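Letter by letter, the chains look like this.
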Amino acid sequence: MEVKEKNGRFMRTDASMPLQVLKFGGTSMRTRTTRKAVIAHIKTQREKAKLVVVVSAMGRFRDPYATDTLLSLGSLKMRKKEQASLVSIGEQLSALTLCAELLEEGISACTLSFLEAGIISDQHYDYAQVKYMDPSGILKALEQFDVVVVGGFIAIDEEMEVTTLGRGGSDYSAVLFADMLGLKEAIIYTDVNGVYVEDPKQQKNARKYEYLSYGSMLALHSRVLHDRCVVYARDHHIRIYVKGTFSKEEGTWIGS
Ligand SMILES: Nc1ncnc2c1ncn2[C@@H]1O[C@H](COP(=O)(O)OP(=O)(O)O)[C@@H](O)[C@H]1O
Ligand SMILES: N[C@@H](CC(=O)OP(=O)(O)O)C(=O)O
């Protein structure tokens, strides 16, 4: 996969401008109350850098705009392309909602369409392979806004049809955006305070890792991070910090 250059040059006009990629999953985006914690992190990180904020659809099954709720409105008889288009509404709505709330808080924010977000894939609608990435839409938005909110999990094919990166794929989007922007780090916020030896929701006393190698993270087979995210981060030397949205505790670093 390549990062597409615009007019023969990488369009990062102000290379000294600090940039960070943050990702918030469906459990963090679920309600107005949970999003207050999301906004608090955005305010803190915005002091240090301009931000690309990657979001998943709000909540889980039965929440009105969660991915599985949207899928339940469809039919397996629909073409995969139509199913992808249906679920993409969840990420789009989540990004627009957070953007509106950030604006209400006086934060300079915008959202981008999936086309502007610049992840171009093949036509494998439910598990798309990324073909190339074009950072020009995000970079243009960052010239004007402090925070650019983008939906995760979604890409676009060369005929401008929506594709998806596989269930749980917003983590993968986060490292793709980091790489697209030439960054070596992404922060992934979730509803637990890092990566543990066992699922902390099942095992209250589970020990948290301060640090995990990419290989150990993959071997853990937890659902905290999508495998595609970890493999891409390993292959492109991108460190991931997994942190709790609802706590000030230190999280877990994943690296080589
Ligand atoms: N070893 C583990 N360490 C931390 N969390 C784990 C682990 N195994 C499973 N989990 C689960 O992963 C969940 C986070 O992933 P996910 O539900 O996809 O969150 P998000 O909404 O942030 O994408 C946690 O709520 C936790 O229950
Ligand atoms: N909303 C998509 C993508 C995703 O990654 O969601 P989450 O970050 O909430 O696991 C899904 O449910 O598959």
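For the protein, the name recorded in an unreviewed UniProt entry is aspartate kinase, with Massilicoli timonensis as its organism. The record in UniProt for the protein states the following under Sequence similarities (unreviewed entry): "Belongs to the aspartokinase family." Listed under Catalytic activity (unreviewed entry) in UniProt, the entry text for the protein is "L-aspartate + ATP = 4-phospho-L-aspartate + ADP".

Caption draft 1: Summary view of the overall build of the protein. Regarding its fold elements, the protein presents 9 helices and 13 strands. Its C-alpha atoms give the protein principal-axis dimensions of about 50 × 50 × 40 Å. Looking at the protein as a whole, 55% of its 256 residues qualify as buried. When contacts within the protein are restricted to residue pairs at least 6 apart in sequence, long-range pairs at least 24 apart make up 71% of them. When the accessible area of the protein is evaluated, it comes to approximately 12200 Å², of which 50% is carbon and sulfur surface. For the protein, the distance from the average position of its 33 positive side-chain charges to the average position of its 32 negative side-chain charges is 4 Å.

Caption draft 2: Inspection of the site of ligand 1 at higher detail. Taken together, 19 residues lie around ligand 1, and Thr27, Thr190, Asp191, Tyr196 and Lys201 are the ones closest in. Within the contact set of ligand 1, an oxygen atom lies 3.3 Å away from a side-chain nitrogen or oxygen of Lys23. Contact distances for ligand 1 include 3.2 Å between an oxygen atom and a backbone N or O atom of Gly26. Within the complex, the protein chains bury 93% of what would otherwise be the 580 Å² of accessible surface of ligand 1. According to the grid-proximity analysis, the pocket containing ligand 1 is the largest pocket.

Caption draft 3: Representation of the site of ligand 2 in the model. By nearness alone, 13 residues border ligand 2, and Gly26, Ser56, Thr67, Glu91 and Arg167 come closest of all. Taking Gly168, its main chain carries an N or O atom lying 2.8 Å from an oxygen atom of ligand 2. Between Gly169 and ligand 2, the recorded distance is 3.3 Å, taken from a backbone N or O atom to an oxygen atom. Considered on its own, ligand 2 offers 340 Å² of accessible surface; in the complex 89% of this is hidden by protein.

Caption draft 4: Main features of the packing of aromatic side chains. Within the structure shown, the criterion is met by 3 aromatic pairs. The interplanar angle of 70 degrees and the centroid separation of 6.0 Å between the aromatic rings of Tyr172 and Tyr232 together place this pair among those described as edge-to-face. Residue Tyr172 is found in helix 7 (residues 170-180), and its partner Tyr232 is found in helix 9 (residues 227-235); the two are separated by 60 residues along the sequence. Using a relative accessible area of 7% as the deciding quantity, one classes Tyr172 as buried. Just above the ring of Tyr127 sits the side chain of Arg228; from NZ or CZ to the centre is 3.7 Å.

Caption draft 5: Seen up close, the UniProt feature "domain: Aspartate/glutamate/uridylate kinase" (unreviewed entry) in the protein. According to UniProt, the "domain: Aspartate/glutamate/uridylate kinase" (unreviewed entry) feature falls on residues 19-243. Structurally, residues 19-243 is divided into 40% helix and 21% strand, and its ends, taken at the C-alpha atoms, are 18 Å apart.

Caption draft 6: Spatial organisation of the pattern of salt bridges. The final tally for this structure, using the stated rule, is 15 salt bridges. One salt bridge in this structure joins Lys81 and Glu161, with 3.4 Å as the shortest N-O distance. Separated by 80 residues along the polypeptide, Lys81 in helix 4 (residues 80-104) and Glu161 in the loop between strand 8 (154-157) and strand 9 (162-164) bring together distant segments of the chain. With relative accessibility at 28%, the residue Glu161 sits in the partly exposed group. The salt bridge partner of Glu249 is Lys208, with a shortest N-O separation of 2.6 Å. Remark: Lys208 occurs in the loop between strand 10 (185-190) and strand 11 (211-213) and Glu249 occurs in the loop between strand 12 (239-244) and strand 13 (252-255); sequence separation between them is 41 residues. Looking at Glu249, the relative accessible area reads 40%, which means it is partly exposed. On the accessibility criterion, Lys208 (23% relative accessible area) is partly exposed. Several salt bridges converge on common partners, so that one network encompasses Arg32, Arg35 and Glu101.

Caption draft 7: A look at the packing of helix 7 against helix 9. Across the interface, helix 7 lies against helix 9 with an axial gap of 7 Å and an inter-helix angle of 25 degrees. It follows that helix 7 is roughly parallel to helix 9 by the angle criterion. Relative to helix 9, the crossing made by helix 7 is left-handed. Where helix 7 abuts helix 9, its residues Asp171, Tyr172, Val175, Leu176 and Asp179 lie against Arg228, Cys229, Tyr232 and Ala233. Tallied by class, residues from the contact of helix 7 with helix 9 come to 6 nonpolar, no polar and 3 charged.

Cut-offs used in this document
- Positions within a chain are numbered from 1, following the residues in the order the chain's sequence is written.
- Chains and ligands are labelled by the order in which they are written, letters from A for the one and numbers from 1 for the other.
- The model is predicted, so local features are restricted to residues of pLDDT at least 70 and side-chain atom pairs to those at 80 or more, both for listing and for counting; the totals for chains, interfaces and linings are taken over all residues.
- Only hydrogens and water are set aside; all other atoms, that is, all heavy atoms of the structure, feed into the side-chain values.
- UniProt positions are given in the numbering used here, feature names are shortened, and annotations may be inferred rather than shown by experiment.
- Strands are runs of DSSP state E lasting at least 2 residues, helices are runs of H or I lasting at least 4, and numbering of each runs from the N terminus.
- For each residue, the accessible area found with a 1.4 Å probe, counting protein chains only, is set against the maximum for its type, and the residue is called buried under 20%, exposed over 50%, and partly exposed in between.
- In this description, contact between two residues means that some pair of their heavy atoms is separated by no more than 4.5 Å.
- Throughout, the Shrake-Rupley method with a 1.4 Å probe supplies accessible areas, and for residues the shown protein chains are the sole cover considered.
- Working convention for charge: Lys and Arg count positive, Asp and Glu count negative, and His plus the chain ends are omitted.
- Taken as the charge location is NZ of Lys, CZ of Arg, CG of Asp or CD of Glu.
- Near residues are defined by distance, with any heavy atom within 4 Å of the molecule or strand qualifying the residue.
- Residues adjacent in sequence count toward polar contacts only when both atoms are side-chain atoms; beyond that, a polar contact is any pair of N or O atoms within 3.5 Å, and within protein one must be able to donate a hydrogen and the other to accept it.
- Throughout, the protein atoms alone are placed on a 1 Å grid, and a set of points is a cavity if a 1.4 Å probe fits but cannot get out or a pocket if it is open with protein on both sides within 12 Å along at least five of seven lines; lining residues have an atom within 4 Å of a point.
- The rule for placing a molecule in a cavity or pocket is simple: more than half of its atoms must lie within 2 Å of the grid points.
- Only the six-membered ring of Trp is used, alongside the rings of Phe and Tyr, when aromatic pairs are assigned; centres must lie within 6.5 Å, and planes under 30 degrees apart are stacked while those over 60 apart are edge-to-face, with the rest tilted.
- For a ring to carry a charge above it, either NZ of a lysine or CZ of an arginine must fall within 6 Å of the ring centroid while also lying within 35 degrees of the normal to the ring plane.
- Here, a salt bridge means any Lys or Arg side-chain nitrogen found within 4 Å of an Asp or Glu carboxyl oxygen.
- Axes here mean lines fitted to C-alpha atoms, for a helix over just the part in contact, with angles spanning 0 to 180 degrees between N-to-C directions.
- By the definition adopted for this analysis, an angle is roughly parallel if under 35 degrees, roughly antiparallel if over 145, roughly perpendicular if from 65 to 115, and oblique otherwise.
- Crossing handedness: left-handed means the near helix sits turned counterclockwise from the far one by under a right angle, and right-handed means the same turn made clockwise.
- Think of it as three bins: nonpolar holds Ala, Val, Leu, Ile, Met, Phe, Trp, Tyr, Cys and Pro, charged holds Asp, Glu, Lys and Arg, and polar takes everything else, Gly as well.

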